Amino acid sequence: MANVYVPVDVAEPQSPLDDVSLSRPSSLADDVSPVKPAEVSDEGLRKEIGLFSASSIIIGQVIGSGIFSTPASVVFLCGTPSMALILWFVSGLFSLGGALASAELGTMFPQNGGMIRYLAHAYRRPRALIATIMAYSVTFFCRPAAIAANVAIFSQYFFFAAGKHDYIESRDYLLRGIGAAVMTLLMLLNMVSVRWSLRLLNVFAVVKMVTLLIVSFTGLLLLVGIVKRTPGTNWQRGFKGTKFDAQSFASAMTRLFWSWEGWSNVGYVVGEVKNVKRNLPLSLSLAMSSIAVLYMLANVAYFSVIPLEDIDNGTLLAAQFMDKVFGKAMGQVLLPICIGLSILGVVMSELFGGGRLMYAAGRTGFVPYGAVLGAIHPRFGTPIYAMAIIWALSLVFLFAPPPGEAFDLLVELVQEGMWYFYALTAFGAILLRRRLPNYPLRRFKSPLVLSFLFGALSFALGLLQFYPPAEIPGKAKPKVPYYLAPLLGVVFMALCVVPWYLRMWWYADRTGIQLLSWIDEEEQEVLRMTQDDVRRLGS
């Protein structure tokens, strides 16, 4: 590998094998680093993420406020609780397929960056176009916009619990200011301590799981008759009244898949996961399976208590459930607090993964100034500059849009485009299984049928955003055209071709710097490994 150029503004991408003694070409002999301690990754990051914390990162991103409200919309769209349960199961199964495909790719390329790295290896030509578009779309828009959308609303639930309902309607910028202050504190914690950040993530995950366990366990008691319930006709009606039109199905599946979204977050921090070959697939399997069980039981609980005719789509379904079973103190005080904490958990997980995502985008050369973005603080062991940029961008998205439709549009834009990246990642696992069939670091294999189904449905959901959504009783029709958010998402992705051209063609050809040489070097280095090398690599 002679004549390899290292860009002056990009930190040299590190190989996952720098801690394994291999025979390398003589031109790279001087670059071989001594064996590093087991607790430090090849990127210089401390491996602090164990099985429980990895699962907490997934749970923290997946479980937000959706499961407390989405079931009402889904059942109105599909017509019956029985069909709603089937759709929850199907969407969960397909999402597990996407998560397992991500687990396979994470064990193959065990460094921070997640889908950025996976897409770079799967679609290398032309000059990693897809990975570059994803790097700019997610790091500069989707992730900071998602953080802004969540921190802007979490405090609403605390004001609601305190009985200050007028604050929710009339003090938009006060809520945003509170969100900015809390986000800043969480980001500072992320910057100075990985260990305490993980501990807080674990606490948030436990709060989410306990809240859902209370709902789910109550549902089980209701089903077996230990707790008396008001007789209803939800389950007796079976599938009578089910809607089978494409419009309702598309709208329901969009909401369902968004309720499962977030499992990819652990891929952004995979370089800091201990024993990746074990903990990454296991954490994704355990977290997604546990969430699936709780989601299903929560739906059973909701519809075992509240007749379909009594559902108020203007109120959280979980709040109606708590009111009926435990009284108003639970439904209007305790539950809103738990939902607010749940959303804070999402923000914490987004900040933790978002900083690593920006760090990886710079370190791999997709984004300029990689030497800065890829820098690790010598004392804290965190990419503080990358985190600072994510924080600053989140503040811009938090305060720039005016209240009302503009901010609502921002919330809608967060998910646009991600469907295509999810689909391409799942298909990428299939392509790499064919192109690199004997890759030594492929220490986990996902079921390709599920990967394909997830990829196909994700791509279809991306296209279905341009299809008129079904109307939901009790929900006001949005004033913004339904096609505007997906259209702007596609336009934004198309605009990312400009920095791709300037970076990967104009800049690279003008300077002679091989920005993407690390992709082939990583693969070739791994392919030279023996079984002993794999065993010595361990994690």
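Note on numbering: residues in each chain are counted from 1, in written sequence order. Two thresholds apply to this predicted model, a pLDDT of at least 70 for residue-level local features and 80 or more for giving and counting side-chain atom pairs, whereas whole-chain, interface and lining totals are computed over all residues. Based on all heavy atoms of the structure, the side-chain values leave hydrogens and waters out of the count.

(A) Quick look at the state of the cysteines. A pair of cysteine sulfur atoms is labelled a disulfide when the two atoms are within 2.5 Å. If you walk through the whole model with that rule in mind, you get zero disulfides. Unpaired in terms of disulfides, Cys496 finds its nearest cysteine sulfur in Cys142, a separation of 8.9 Å. Using a 1.4 Å probe on the protein chains alone, a residue whose accessible area is under 20% of its type maximum counts as buried, one over 50% counts as exposed, and one in between counts as partly exposed. The exposure class of Cys496 is buried, given its relative accessible area of 5%.

(B) Expanded view of the packing of helix H18 (residues 484–495) against helix H19 (residues 497–511). As a rule, the C-alpha atoms of each element are fitted with a line to give its axis, helices using only the stretch in contact, and angles between N-to-C directions run from 0 to 180 degrees. A run of H or I in DSSP becomes a helix once it reaches four residues, and a run of E becomes a strand once it reaches two; helices and strands are each numbered from the N terminus. As a packed pair, H18 and H19 sit with axes 4 Å apart at the nearest point and diverge in direction by 10 degrees. The pairing of H18 with H19 is recorded here as roughly parallel in orientation. Seen from H18, the contacting residues are Met493, Ala494 and Leu495; seen from H19, they are Val497, Val498 and Pro499. Here the contact of H18 with H19 is composed, by residue class, of six nonpolar, no polar and no charged. Oblique is the label for any angle not covered by the other classes, which are roughly parallel (under 35 degrees), roughly antiparallel (over 145) and roughly perpendicular (65 to 115). What makes two residues a contact is simply this: any of their non-hydrogen atoms within 4.5 Å. Residue classes follow a fixed rule: Ala, Val, Leu, Ile, Met, Phe, Trp, Tyr, Cys and Pro count as nonpolar, while Asp, Glu, Lys and Arg count as charged, and any other residue, Gly among them, counts as polar.

(C) Quick look at the nonpolar core. Here the nonpolar core consists of buried residues drawn from Ala, Val, Leu, Ile, Met, Phe, Trp, Tyr and Cys, with membership extended through side-chain atoms lying within 4.5 Å. Formed by 159 residues in total, the largest nonpolar core has its most connected members in Tyr295, Tyr302, Ile311, Phe321 and Phe366. Looking at this core element by element, the count peaks at 17 residues for helix H5 (residues 129–161). Residue contacts for Tyr295: discarding those within four places in its chain leaves Val62, Ile63, Ile67, Trp88, Leu212, Ser259 and Trp260.

(D) Here's a closer look at the packing of aromatic side chains. Stacked, tilted and edge-to-face are the three classes applied to pairs of Phe, Tyr and Trp rings, where Trp contributes its six-membered ring and a pair requires centres within 6.5 Å; stacked means planes under 30 degrees apart, edge-to-face means over 60, and tilted covers the rest. Per the counting criterion, the structure on display carries 20 aromatic pairs. Pairing Tyr482 with Tyr483 gives two aromatic rings, centres 5.3 Å apart and planes at 85 degrees, and the pair type is edge-to-face. The class of Tyr482 is partly exposed, set by a relative accessible area of 37%. For Tyr483, a relative accessible area of 41% corresponds to the partly exposed category. Connected via pairs of aromatic rings, a cluster forms that spans Phe257, Trp258, Trp263, Trp419, Tyr422 and Phe454. Only when the NZ of Lys or the CZ of Arg is both within 6 Å of the ring centre and within 35 degrees of the ring normal is a charge said to sit over the ring. The lysine or arginine in question, Arg127, covers the ring of Trp505, its NZ or CZ lying 3.6 Å from the ring centre. One Lys or Arg, Arg356, reaches over the ring of Phe352 and ends 4.1 Å from the middle of that ring.

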